[in-house]
Amino acid sequence: MSEHGAVTTPAARALPADPTDLTATGLSAAWVAELVERTLTEDLTGGAPLPSAPDVAVGYDVTSAATVPGTQFGTADLVARADGVVAGLPLAARVFTRLAPGATLTAGAADGDRVRRGDVLLTVRGPVRALLAAERSALNIASRASGIATATRTWVDAVAGTGAVVLDTRKTTPGLRPLEKYAVRCGGGSNKRMGLYDVAMVKDNHVAAAGSVAAAVTLVRERAPRITVQVECDTLEQVGEALDAGADFLLLDNMTPDQLRQAVALVGDLDVDLEATGGLTLDVAREVADTGIDYLSVGALTHSSPILDLALDLRAG
């Protein structure tokens, strides 16, 4: 995490020897295990506890249980059906190994890679019933994460060379925040804050409750002296007030490019970061970034990105 609260993007990674390795993701193994279990449970058992024995668990896939011999082994490829940036592959791999612990997995891509339509991202060999039972859960996780990573990369490319960083927000799918914020990092963006606990953000309602920006900042400093304090500003007057109050980071909400440039000038050499936020679109991203602000905050990365189309293709034999 940077001094003022943004989580930095991980360095590019080589093709993983173990496709299930979570080390580079920064995600908790316990959280991933819970997500995998929850995702499979809703698909295979309708909410009942997922049996521990793989051959019993896949029996709840009524179609595969009826059409695929229990002893049949096969190989399946997780394939990109569109160009994009991939994310969530280690989690998808863990979906397969949850139902087929002895499966053999081979990575064809790493999270953060740009891929093209037709690229094989992951190859799995194991019991066909298990592969088919795991298919949709694995695809849902990886497609969602890859869609966010792809959208993020589009924004990052749009502001490349300006020095501005693309940030996400807390507008995430309930229960999926760690995955979705990880996907933003895979796309080249950064995370602003993970929740209400790690950064203080003073908004208009806090100002109304405290009486003023200065009072709100002072109260936060007294309660949490080591935490980064961010202040949302709608006007240049509020920018000046927040700077006088000693804020670390200013959110410049729905300001025009000219107002953003004036805010940059007001900050001058102070160690205060500036973020443009509020209704930003790709067609103005470059113009906004060129004003000299440090960050562009884009809630749509996590609340509105379409999935990246992925599929599982079972090979004959």
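Now for a quick tour of the structure.

Rules of the game
Residues numbered from 1 in each chain as written. Predicted model: local features only at pLDDT ≥ 70, side-chain atom pairs only at ≥ 80, totals over all residues. Heavy atoms only, no water. Helix = DSSP H or I, 4+ residues; strand = E, 2+ residues; numbered from the N terminus. Buried < 20%, exposed > 50% of the residue type's maximum accessible area, 1.4 Å probe, protein only. Contact = heavy atoms within 4.5 Å. Areas by Shrake-Rupley, 256 points an atom, 1.4 Å probe, with all protein chains shown as cover. Lys, Arg positive; Asp, Glu negative; His and termini not counted. Charge placed at Lys NZ, Arg CZ, Asp CG, Glu CD. Axes fitted to C-alpha atoms, helices over the stretch in contact; angles between N-to-C directions. Parallel < 35°, antiparallel > 145°, perpendicular 65-115°, else oblique. Left-handed = near helix turned anticlockwise from the far one by under 90°. Salt bridge = Lys/Arg side-chain N within 4 Å of Asp/Glu carboxyl O. Pairing = 2+ DSSP bridges.

## So, the overall build of the protein
Here's step 1: What the protein contains, in helices and strands, is twelve helices and twelve strands.
Here's step 2: Principal-axis analysis of the C-alpha atoms gives the protein an extent of 70 × 40 × 30 Å.
Here's step 3: When the 317 residues of the protein are sorted by exposure, 50% land in the buried category.
Here's step 4: Sequence separation of 24 or more characterises 73% of the internal contacts of the protein that already satisfy a separation of 6 or more.
Here's step 5: Element-wise, carbon and sulfur atoms account for 52% of the exposed surface of the protein, whose accessible area totals about 14200 Å².
Here's step 6: A gap of 6 Å separates the mean positions of the 27 positive and 39 negative side-chain charges of the protein.

## Structural notes on unusual backbone geometry
Here's step 1: With phi around 55°, asparagine 254 is a residue other than glycine that occupies positive phi space.
Here's step 2: Considering the arrangement of structural elements, one finds asparagine 254 in the loop between β9 (249-253) and α10 (257-267).

## Overview of the packing of helix α9 (residues 236-245) against α10
Here's step 1: Interhelical geometry of α9 versus α10 gives an angle of 20° and a closest axis separation of 10 Å. When the interaxial angle is binned, α9 and α10 end up roughly parallel. Between α9 and α10 lies a crossing whose hand is right-handed. In contact with Leu236, Val239 and Leu243 of α9, α10 contributes Gln259, Gln262, Ala263, Leu266 and Val267.

## Some details on the pattern of salt bridges
Here's step 1: On inspection of all chains with the given rule, the structure shows eleven salt bridges.
Here's step 2: For arginine 153, the salt bridge identified is with aspartate 157, shortest N-O distance 3.7 Å. With arginine 153 and aspartate 157 both in helix α5 (residues 128-158), this residue pair falls four residues apart, about one helical turn.
Here's step 3: According to the relative accessible area criterion, aspartate 157 is partly exposed, its value standing at 37%.
Here's step 4: Connected through salt bridges with shared partners, the residues Arg114, Arg153 and Asp157 form a single ionic network.

## Description of the sheet that holds strand β8 (residues 229-233)
Here's step 1: On the basis of which strands lie adjacent, the open sheet formed by six strands has the order β6-β11-β10-β9-β8-β7 and parallel pairing. This sheet does not close on itself; its edge strands, each paired only once, are β6 (165-167) and β7 (200-202). Shown here is a sheet whose adjacent strand axes are inclined to one another by a mean of 25°, direction ignored.
Here's step 2: Summarising the sheet, strand β10 (residues 273-277) and strand β11 (residues 295-297) pair through two bridges and their orientation is parallel. Bridging from a neighbouring strand, alanine 276 pairs with leucine 296 of β11.

## Concerning the environment of proline 178
Here's step 1: You can see proline 178 is positioned in helix α6 (residues 177-186).
Here's step 2: Judged by relative accessible area, which is 27%, proline 178 ranks as partly exposed.
Here's step 3: For the pair proline 178 and glycine 88, spaced 90 residues apart in sequence, the C-alpha separation works out to 11 Å.
Here's step 4: Those residues in contact with proline 178 that sit more than four places away from it in its chain are Leu27 and Trp31.

Keep in mind these values describe shape, not function.
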